[in-house]
Amino acid sequence: GAGVSQSPSNKVTEKGKDVELRCDPISGHTALYWYRQSLGQGLEFLIYFQGNSAPDKSGLPSDRFSAERTGGSVSTLTIQRTQQEDSAVYLCASTRGGYNEQFFGPGTRLTVL
Amino acid sequence: RKEVEQDPGPFNVPEGATVAFNCTYSNSASQSFFWYRQDCRKEPKLLMSVYSSGNEDGRFTAQLNRASQYISLLIRDSKLSDSATYLCVVTPDPNKLTFGTGTRLAVRP
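The structure contained in this document is the topic of the report that follows.

Rules and cut-offs
Residues numbered from 1 in each chain as written. Chains lettered and ligands numbered in written order. Predicted model: local features only at pLDDT ≥ 70, side-chain atom pairs only at ≥ 80, totals over all residues. Heavy atoms only, no water. Contact = heavy atoms within 4.5 Å. Buried area = accessible area lost by both parts, 1.4 Å probe. Salt bridge = Lys/Arg side-chain N within 4 Å of Asp/Glu carboxyl O. Polar contact = N/O pair within 3.5 Å; in protein donor to acceptor, adjacent residues only side chain to side chain. Helix = DSSP H or I, 4+ residues; strand = E, 2+ residues; numbered from the N terminus. Nonpolar A, V, L, I, M, F, W, Y, C, P; charged D, E, K, R; others polar. Pairing = 2+ DSSP bridges. Axes fitted to C-alpha atoms, helices over the stretch in contact; angles between N-to-C directions. Buried < 20%, exposed > 50% of the residue type's maximum accessible area, 1.4 Å probe, protein only.

### Concerning the interface of chain B and chain A
- At the junction of the two partners, chain B supplies 19 residues and chain A supplies 18 residues.
- Summed over both partners, the interface of chain B with chain A comes to about 1,600 Å²; 54% of that surface belongs to carbon and sulfur atoms.
- Counting the contacts that link chain B with chain A gives zero salt bridges.
- At the boundary of chain B with chain A, the tally comes to two residue pairs in polar contact (both at pLDDT 80 or more).
- Residue assignment for the side of chain B that touches chain A shows that the elements contributing at least two residues are strand 4 (32–38), strand 5 (44–50), strand 9 (84–93) and strand 10 (96–99) of chain B.
- Residue contributions to the side of chain B that touches chain A peak at four residues, all from strand 4 of chain B.
- Across the side of chain B that touches chain A, the residue classes tally to eight nonpolar, seven polar and four charged.

### Brief notes about the environment of B:L73
Residues and elements named next belong to chain B.
- Residue placement: L73 occurs in strand 8 (residues 70–75).
- Spatially, the C-alpha atom of L73 lies 15 Å from that of K45, the residues being 28 residues apart in sequence.
- The residues touching L73, leaving out its near neighbours within four places in the chain, are V19, A20, F21, W35, L47, M48, F60, T61 and Y86.

### Things to note about the sheet that holds strand 7 (residues 60–65) of chain B
Residue and element names in this part refer to chain B.
- Taken together, five strands build an open sheet; the order of strands is 1-3-8-7-6 and the sheet is antiparallel. In the strand order of this sheet, the two ends are held by strand 1 (4–6) and strand 6 (55–57), each with one partner. Averaged over all adjacent pairs, the angle separating strand axes in this sheet is 20°, with direction ignored.
- Alignment of strand 3 (residues 19–25) against strand 8, held across six bridges, turns out to be antiparallel. If you follow C23 over to strand 8, its bridge partner there is I71.

### Comments concerning the pairing of strand 8 of chain B
Residues and elements named next belong to chain B.
- The sheet contact formed by strand 7 and strand 8 spans six bridges and is antiparallel. By the bridge assignment, F60 is partnered in strand 8 with I75.
- Where strand 7 folds back on strand 8, the antiparallel hairpin that results is connected by four residues, among which Q69 adopts a positive phi of roughly 55°.

### Focus: the sheet that holds strand 8 (residues 75–79) of chain A
Residue and element names in this part refer to chain A.
- Read from one edge to the other, the open sheet built from four strands follows the order 1-3-8-7, with strand pairing classed as antiparallel. Each edge of the open sheet carries a strand with a single partner, namely strand 1 (5–7) and strand 7 (65–69). Going across the sheet, the axis of each strand differs from the next one's by a mean of 15°, ignoring polarity.
- Summarising the sheet, strand 1 and strand 3 (residues 19–24) pair through three bridges and their orientation is antiparallel. Within strand 3, the residue paired with Q6 across the bridge is C23.

### Things to note about the environment of A:K15
- With respect to the helices and strands, the residue A:K15 is situated in the loop between strand 2 (10–13) and strand 3.
- Residues contacting A:K15, with those up to four places away along its chain left out, are A:T82, A:Q83, A:V112 and A:L113.

### Points about the side chain of B:T98
- Mapped onto the fold, B:T98 is located in strand 10.
- Ignoring anything within four residues of it in the chain, the contact list for B:T98 reads B:E3, B:V4, B:C88, B:V89, B:V90 and B:P92.

### Let's talk about the pattern of salt bridges
Residues and elements named next belong to chain A.
- Inspection of the entire model under this criterion finds eight salt bridges over all chains.
- A salt bridge links R64 to D86; the shortest N-O distance between them is 2.8 Å. Of this pair, R64 sits in the loop between strand 6 (53–56) and strand 7 while D86 sits in the loop between strand 8 and strand 9 (88–95), and the two are 22 residues apart along the sequence. Both residues of the pair, R64 and D86, count as buried.

### Some details on the pairing of strand 5 (residues 43–50) of chain A
Residues and elements named next belong to chain A.
- With six of eight residues buried, strand 5 is to be regarded as a mostly interior element.
- Examined bridge by bridge, strand 4 (residues 31–37) and strand 5 share seven bridges and lie antiparallel to one another. Across the sheet, residue Y33 finds its bridge partner in strand 5, namely Y48.
- Hairpin connection between strand 4 and strand 5: a loop of five residues separates the two successive antiparallel strands, and G40 in this loop has a positive phi of roughly 70°.
- Direction of pairing for strand 5 relative to strand 6: antiparallel, over a ladder of two bridges. Of the residues in strand 6, the one forming a bridge with Q50 is S53.

Given below as structure tokens:
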């Protein structure tokens, strides 16, 4: 399909382990966003990429969180030394940029035991 | 104060009812406004943009009041399939969407 894809769809990990989440945006979309949604909560902005650079990392909760984007396409969000409060759905969205509609992937549901 | 505030609901209405959701935002510099819909355990999807002049898409009408920093969504003739969470979204800058926590709608037969 031509939509945003994310992997894995579900991830269960033990506290203290590192996890890597992947996002494949829609081809040709220059901007890519990561959000986090905890149970019953709204979407929390984490980081945004324009091409391969991240002009806005203001939403990353701590230095355990990092993200990169290569080739202006795939992005990975890495959480080191996971904590139980990291449990959430991590959503990725892409857009042509600016005020255009953001298209979301199905998310990765992360559970930290 | 939250950047975007919505009544969380739930709004529980019978089929055929008209229901209205409200949203207020704090950043007067916001330029674009949207309503997204999120079904249970699914990703958000754009429902409609919101323009100053107001806009309508079938049974859905969106209104923006910049002076009061207020956005509304009206759903007429509610269907069972309208049951979802409706997210109010504003853009304080072109590259960042700020989401409200959403208003949950349940339409009953």
